Amino acid sequence: MLIDTHAHLNFATFKNDVDEVIKKTLGNSIWVINVGTKYETSKKAVEIAEKYERGVYAIIGLHPIHLETGLVKIKNDQEEIELKTKEEDFDYGKYKELALQSLGEKGKVVAIGEIGLDYYWKPKTKRKLELFKERQKTALLKQLNLAKELNLPVCFHCRMAHKDLLEILNYKLKTINYELKGVMHGFVGTAEQLKEYLKMGFYIGFNGIIFKSIKGINFEENIKSTPLDRILIETDCPYLTPPVSVNQCLDQHKSAFIRNEPMYLKYVAEKIAEIKNLSFEKIAEITTKNAKKLFTL
Ligand SMILES: [Zn+2]
């Protein structure tokens, strides 16, 4: 069995066949956690999870790129266009209410996320840049408080902002009186940054991005340096499709035509097994155990 710890079957790309995709996923012994990126997709993730007795869960939160910054550029992808038109501010009460709907006995909301910092699309002037970063940090801190109040782990998104995120977490971990648990989803960072997050006790999530080459990032080394009991696997579908056949080019533009889904999680597990020099079964077993532990599944 495998657990896709970060999927977006709650996104518009899946609106016509989400039930079929989940049926196929569960039928192949894969559990899935759908992650919200704003209120609407968070609510959708909860709705989907509640339809299933077991094996489908939700993470709710406000992704930094959905804050009202007006900076996310339109890509030729439906979801991105949707992002552009519906940005929001973090509404603590609204998200709390959504979480409470599904906590307790139902236990479908398993974490707060994806939250964090994203400095990819940044404003050009210094003053605007400062405001932009401040807004993201404020939303992040509010959501860390919500996680604390609800006693939930956190799913972090961080893009080109590790320095600031580490600073916030170092400060936060020193000043709060509870143990913040969470995962650095789709980790793209240096060996040094990885070490810091591991030291703080976080899990590290790997997805199809490990098949790409990114300047300054050594995915193979990062996987080698992450202890087995801290690895989670994910697809981040519909994005980041791994090379699903020998003929498929790894080129971003070409692979973008194949919609990623939880069924392709095995390619990520296979790659990690190869790098760790362990069997696929061992990686499947340990990452499943880790996911169950972190998210109390
Ligand atoms: Zn995601």
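Attention here is on the structure that accompanies the text. (Residues numbered from 1 in each chain as written. Predicted model: local features only at pLDDT ≥ 70, side-chain atom pairs only at ≥ 80, totals over all residues. Heavy atoms only, no water.)

Turning our eyes to something else, we now look at the side chain of Asn 222. Looking at the element boundaries, Asn 222 is found in helix H8 (residues 219-225). Setting aside chain neighbours within four positions, we find Asn 222 in contact with Phe 187, Gly 189, Thr 190, Ala 191, Leu 194, Phe 206 and Ile 217. (Helix = DSSP H or I, 4+ residues; strand = E, 2+ residues; numbered from the N terminus. Contact = heavy atoms within 4.5 Å.)

With that out of the way, let us pick up the packing of aromatic side chains. Scanning the model with the defined rule gives 10 aromatic pairs in all. Centre to centre, the rings of Phe 90 and Tyr 92 are 6.3 Å apart; their planes meet at 80°, and the pair counts as edge-to-face. The interplanar angle of 50° and the centroid separation of 6.2 Å between the aromatic rings of Tyr 119 and Phe 132 together place this pair among those described as tilted. Of the two residues, Tyr 119 sits in the loop between strand S4 (109-118) and helix H5 (126-150) while Phe 132 sits in helix H5, which places them 13 residues apart along the sequence. Aromatic rings pair up to connect Tyr 39, Phe 90, Tyr 92 and Tyr 95 into one cluster. Sitting above the plane of the Tyr 39 ring, Lys 94 keeps its charged end 4.4 Å from the centroid. (Phe/Tyr/Trp six-rings, centres within 6.5 Å; stacked < 30°, edge-to-face > 60°. Lys NZ or Arg CZ within 6 Å of the ring centre and 35° of its normal.)

Where H5 meets helix H6 (residues 162-175), the axes come as close as 12 Å, and the angle between the chain directions of the two elements is 40°. Crossing geometry of H5 relative to H6 is assigned as right-handed. Within the contact between the two elements, H5 uses Lys 133, Lys 137, Leu 140, Leu 141, Leu 144 and Asn 145 and H6 uses Asp 164, Leu 165, Ile 168, Leu 169 and Lys 172. For the contact of H5 with H6, the residue count by class is 6 nonpolar, 1 polar and 4 charged. (Axes fitted to C-alpha atoms, helices over the stretch in contact; angles between N-to-C directions. Left-handed = near helix turned anticlockwise from the far one by under 90°. Nonpolar A, V, L, I, M, F, W, Y, C, P; charged D, E, K, R; others polar.)

Without other data, these values stay purely geometric and don't point to any function.
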